[in-house]
Amino acid sequence: IKLTPTYDPKWQGIVSAAGYLGLVLFMFILGLIFERGRRTAFAKLEETLAQLAASNEHLLHLNNEKNELMGIAAHDLRNPLTVILGNSELLTMTKDPNMIAKLSQNTRSVAIRMRDLIANLLDVNAIEQGKFVVKVERCNIQALLEQSLEHNQSAANRKQSVFKVGISEGLWAKADRAAVMQIMDNLISNALKYSPPNTTVHVHALPEKDNIVINVRDEGPGISDADQKKLFQKFTRLTARPTGGESSTGLGLAIVKKLAEAMAGSIQCRSAMGAGSTFTLRLPVSTEKDEPKQLPQDVKMAGRNVVELPGAITGLQSRN
């Protein structure tokens, strides 16, 4: 079918040029639309690949942690079990009361090591899965510190070490009692563990604006800058080793950090080679004015040797 032009034939060139120009413009716009779609799809593909790479890296990290966990469990549980089996065999072969007492004490010691390792592993797992819930209440920091010092007194006696303590009166924090006890037990036991015999572990607590500050300072070899960067990571084995043959799982400080943060607190470390280390725990201060008439039995001080020092400081010195 041949259509009759409705315009003057002399405009044929201009009409054709306009038609071709419109076709080119349409193809150009269509190309832009396709290019934009291609770039969007490519960006999504890159994002998906990046997420996949991150997931693979996370899975690799978890696999390495699993392998490290299995290595720790195999090593730190196998050796105590070997000792327990050996002691049990010797107990059946001897009737010497002194030997029986020695073997029983040794068995108890390694059993405690196994219990602590399993407890640490369970704590890490519970915290990371969000199953650990802190019960924040008004806590008497002095009572908790004194109880923790009593817990670690036997370890201090074995190394002939001394606790030098300064605690301001009336320190009340908003915290979880069990979590604070676990943190302090870890910090004080570490201070003893990494210090030579016949040294002093300094424990101080004082108010600081909106926080209660607890410092635990040892007289050990100190922590290098490289070790300080990975100090609160899981399964971290530091260059410094325990000075009395004590065991270390590399989990304690990681748990300490998570517990402190769960109570809206913080934990820091200051150390220099040859100058010892200071761990600082900060907990939110309790602003309530009415103190309980009687402390719970489980946080009362069970020890002795309390000496009043000048001012508002109470000193507790424990010696071998």
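Rules used in this analysis
- Residues numbered from 1 in each chain as written.
- Predicted model: local features only at pLDDT ≥ 70, side-chain atom pairs only at ≥ 80, totals over all residues.
- Heavy atoms only, no water.
- Buried < 20%, exposed > 50% of the residue type's maximum accessible area, 1.4 Å probe, protein only.
- Helix = DSSP H or I, 4+ residues; strand = E, 2+ residues; numbered from the N terminus.
- Pairing = 2+ DSSP bridges.
- Salt bridge = Lys/Arg side-chain N within 4 Å of Asp/Glu carboxyl O.
- Core = buried A, V, L, I, M, F, W, Y, C linked by side-chain atoms within 4.5 Å.
- Contact = heavy atoms within 4.5 Å.
- Polar contact = N/O pair within 3.5 Å; in protein donor to acceptor, adjacent residues only side chain to side chain.
- Axes fitted to C-alpha atoms, helices over the stretch in contact; angles between N-to-C directions.
- Parallel < 35°, antiparallel > 145°, perpendicular 65-115°, else oblique.
- Left-handed = near helix turned anticlockwise from the far one by under 90°.
- Nonpolar A, V, L, I, M, F, W, Y, C, P; charged D, E, K, R; others polar.
- Patch = residues over 30% accessible without salt bridge, like charges linked within 9 Å, V, L, I, M, F, W, Y side chains within 5 Å.
- Areas by Shrake-Rupley, 256 points an atom, 1.4 Å probe, with all protein chains shown as cover.

### Quick notes on the pairing of strand E7 (residues 277-284)
Step number 1: For E7, the buried fraction is high: 7 of the 8 residues fall into the buried class.
Step number 2: Where strand E5 (residues 211-217) lies against E7, 7 bridges are found, and the strand directions are antiparallel. Bridging from a neighbouring strand, Arg217 pairs with Thr278 of E7.
Step number 3: The antiparallel pairing of strand E6 (residues 266-271) with E7 creates a hairpin that spans 5 residues between the two strands, and Gly274 there sits at a positive phi of about 85°.

### So, the pattern of salt bridges
Step number 1: This structure, assessed with the given rule, holds 5 salt bridges.
Step number 2: For Glu35, the salt bridge is made with Arg39, and the minimal N-O distance between the two is 3.0 Å. Of this pair, Glu35 and Arg39 both sit in helix H1 (residues 12-91), separated by 4 residues, roughly a single helical turn.
Step number 3: Given a relative accessible area of 56%, Arg39 falls into the exposed group.
Step number 4: One salt bridge connects Lys257 with Glu261, and the closest N-O pair in it is separated by 3.0 Å. One end of the pair is Lys257 and the other is Glu261, both in helix H7 (residues 252-262) and 4 residues apart, which spans about a single turn.
Step number 5: Residue classification places Lys257 among the partly exposed positions, given a relative accessible area of 29%.
Step number 6: One salt-bridge network, in which partners are shared between bridges, spans Glu35, Arg38 and Arg39.

### Some words on H7
Step number 1: Those residues of H7 not exposed but buried are Gly252, Leu253, Ala254, Ile255, Val256, Leu259 and Ala260.
Step number 2: Phi turns positive one or two residues past the end of H7, at Ala264, with a value near 65°.

### Thoughts on unusual backbone geometry
Step number 1: Located in the positive-phi region is Gln160, a residue other than glycine, with phi close to 55°.
Step number 2: Position of Gln160 relative to the elements: it lies in the loop between helix H4 (153-158) and strand E2 (162-168).
Step number 3: Unusually for a residue other than glycine, Ala264 sits at a positive phi of about 65°.
Step number 4: Along the polypeptide, Ala264 turns up in the loop between H7 and E6.
Step number 5: According to the relative accessible area criterion, Ala264 is exposed, its value standing at 61%.

### Some points on the nonpolar core
Step number 1: Of all hydrophobic cores here, the largest spans 44 residues; its most connected members are Ile141, Ile183, Met184 and Leu187.
Step number 2: In terms of residues, this core owes the most to one element, helix H5 (residues 177-193), which gives 9 residues.
Step number 3: With sequence-adjacent residues up to four places away left out, Ile141 is seen in contact with Leu171, Ala173, Ala205, Ile212, Ile214 and Leu283.

### Here we look at helix H3 (residues 141-151)
Step number 1: Judged by how many residues are buried, H3 sits mostly within the fold: 9 of 11 residues are covered.
Step number 2: Those residues of H3 not exposed but buried are Ile141, Gln142, Ala143, Leu144, Leu145, Glu146, Gln147, Ser148 and Leu149.
Step number 3: By the N-cap criterion, in which a side-chain oxygen at the helix start approaches the backbone nitrogen of a residue two or three places on, H3 is capped by Asn140, the distance to Gln142 being 3.1 Å.

### Looking at the environment of Arg158
Step number 1: Assignment of secondary structure puts Arg158 in helix H4.
Step number 2: With a relative accessible area of 64%, Arg158 lands in the exposed category.
Step number 3: Between the C-alpha atoms of Arg158 and Leu192, which are 34 residues apart in sequence, the distance is 9.9 Å.

### Let's talk about the packing of H3 against H5
Step number 1: The geometry of H3 relative to H5 is characterised by a closest axis approach of 9 Å and an angle of 45° between their N-to-C directions. Considering their axes alone, H3 and H5 lie oblique with respect to each other. The hand of the H3/H5 crossing is right-handed. Contact with H3, carried on its side by Leu144, Leu145, Gln147, Ser148, Leu149 and His151, involves Arg177, Val180, Met181, Met184, Asp185 and Ile188 of H5 and no other residues of that element.
Step number 2: Taken together, the residues that form the contact of H3 with H5 break down as 7 nonpolar, 3 polar and 2 charged.

### Notes on a nonpolar patch on the surface
Step number 1: Together, Leu25, Phe28, Ile29, Leu32 and Ile33 line one region of the surface with nonpolar side chains, adding up to about 500 Å² of accessible area.
Step number 2: Of note, Leu25 is situated in helix H1.

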